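Close look at the chain arrangement
Each chain, letter by letter, is given below.
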Amino acid sequence: VITRPEMEIGRYHWMYRSSRPHRYHHVPALRGNVSPLGIQGCFECCIKCLGGVPYASLVATILCFSGVALFCGCGHVALTGTVSILEQHFSTTASDHALLSEVIQLMQYVIYGIASFFFLYGIILLAEGFYTTSAVKELHGEFKTTACGRCISGMFVFLTYVLGVAWLGVFGFSAVPVFMFYNIWSTCEVIKSLQTNMTVPGDQICVDIRQYGIIPWNAVPGKACGPILENICNTNEFYMSYHLFIVACAGAGATVIALIHFLMILSSNWAYLKDASKMQAYQDIKAKEEQELQDIQSRSKEQLNSYT
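Bear in mind that the values here come from a model prediction, so they are computed numbers and not experimental data. (Residues numbered from 1 in each chain as written. Predicted model: local features only at pLDDT ≥ 70, side-chain atom pairs only at ≥ 80, totals over all residues. Heavy atoms only, no water.)

Here we look at the confidence of the model for the protein chain
- Confidence in the prediction of the protein chain, expressed as mean pLDDT, is 77, and 71% of residues score 70 or more.
- Here helix 1 (residues 4–15) is the element of the protein chain with the lowest mean pLDDT, 46, and helix 3 (residues 55–90) is the one with the highest, 90.
- Of the regions scoring below 50 in pLDDT, residues 1–38 engages in 23 contacts with residues more than four places distant in sequence or in other chains.
- Every residue in residues 139–143 scores below 50 in pLDDT, and together they form eight contacts with partners more than four places removed in sequence or on other chains. (pLDDT = per-residue confidence, 0-100. Helix = DSSP H or I, 4+ residues; strand = E, 2+ residues; numbered from the N terminus. Contact = heavy atoms within 4.5 Å.)

This is how it looks when you write it as structure tokens:
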């Protein structure tokens, strides 16, 4: 026969976890593709992965890659066409444009370096975006933001700002050849309109490349007039170089926009990481206090049991 005090003791052991030999967990209800064991299905895993993608950094990276590719590719081909036009029509002596040829060749090598650098830099910024997104979304998990990570984010903010200012200068510099080619093209259009109206002979209208400072004043012939200038405008080198310089200038502008976008993203990410570090410090202090409280309670229970 089981007495009432024995029943109360058995019930006490069942209600409190410290006295139970086994712990039973509640089985979650089936939802979507989640199994009874709590394993997520394919759809939930895909949603979780897509939630950790830094879409703003991804868009900025694609825009940066596109702008740099347009600037480097089109600028390289346009510079080659420019040298060909100068050698054939404005500077027949090689010594007159030797310095310009060396400068253009140096600029082409710089274009190779710019393309390589921004390819790596864009990947690094995209990886930093993934890192920061993970840090923000997993504040309450095992992920820990470090002072080194925050310093790296701050360094990227400064470096992106410097590159953005530099690309503003590149964008302005890339507009100079567009302006020069536009002047030549508009002069050719004037010659065509004069020939159609038969008002003023087109031989009196000329374009002197020497006034732009790209070739010396003693270069021969240095200028083109009338039908000769019109024939230059009808060549494939002029047509391709003109439009490629426009596309290169547009690519430089797209790169500036991408760097400004990156700068905003990096600044916000740095602020998030700073707040995350404060939250982690608070959680660490709170967990330490709770652990100390549990230790005190366990010691008091042990002392009480020893007395009883």
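Topic: the nonpolar core
- Phe90, Phe118, Trp167, Ile184, Ile209 and Leu229 are the most contacted members of the largest nonpolar core, which totals 50 residues.
- Among the elements that take part in this core, helix 7 (residues 236–307) stands out by supplying 13 residues, more than any other.
- When sequence neighbours within four positions are dropped, the list of residues in contact with Leu229 reads Ile184, Thr187, Cys188, Ile191, Val207 and Ala224. (Core = buried A, V, L, I, M, F, W, Y, C linked by side-chain atoms within 4.5 Å. Buried < 20%, exposed > 50% of the residue type's maximum accessible area, 1.4 Å probe, protein only.)

Here we look at the pattern of salt bridges
- In this structure the tally under the stated criterion is two salt bridges.
- For Lys192, the salt bridge goes to Glu189, with nearest N and O atoms at 3.9 Å. Residue Lys192 and its partner Glu189 are located together in helix 5 (residues 147–197), separated by three residues, close to a single helical turn.
- A residue is classified by how much of its surface remains accessible, and Lys192, at 31% relative accessible area, is partly exposed.
- Given the relative accessible area of 33%, Glu189 is considered partly exposed.
- For Asp208, the salt bridge is made with Arg210, and the minimal N-O distance between the two is 3.0 Å.
- The class of Arg210 is buried, set by a relative accessible area of 15%. (Salt bridge = Lys/Arg side-chain N within 4 Å of Asp/Glu carboxyl O.)

Describing the packing of aromatic side chains
- This model, assessed by the stated rule, comprises 14 aromatic pairs.
- Aromatic pair Tyr182 and Trp185: ring centres 6.0 Å apart, planes at 35°, arrangement tilted. Here Trp185 and Tyr182 lie together in helix 5, a separation of three residues that amounts to about one turn.
- Members of the aromatic cluster, each reached through a chain of ring pairs, are Phe71, Phe117, Phe118, Tyr121, Phe156 and Trp167. (Phe/Tyr/Trp six-rings, centres within 6.5 Å; stacked < 30°, edge-to-face > 60°.)

Focus: the environment of Ile205
- Mapped onto the secondary structure, Ile205 falls in the loop between helix 5 and strand 1 (206–208).
- We classify Ile205 as buried; its relative accessible area is 19%.
- With 24 residues separating them in the primary sequence, Ile205 and Leu229 have C-alpha atoms 8.9 Å apart.
- Beyond its immediate sequence surroundings of up to four residues, Ile205 is in contact with Thr187, Val190, Ile191, Leu194, Ala224, Cys225 and Gly226.

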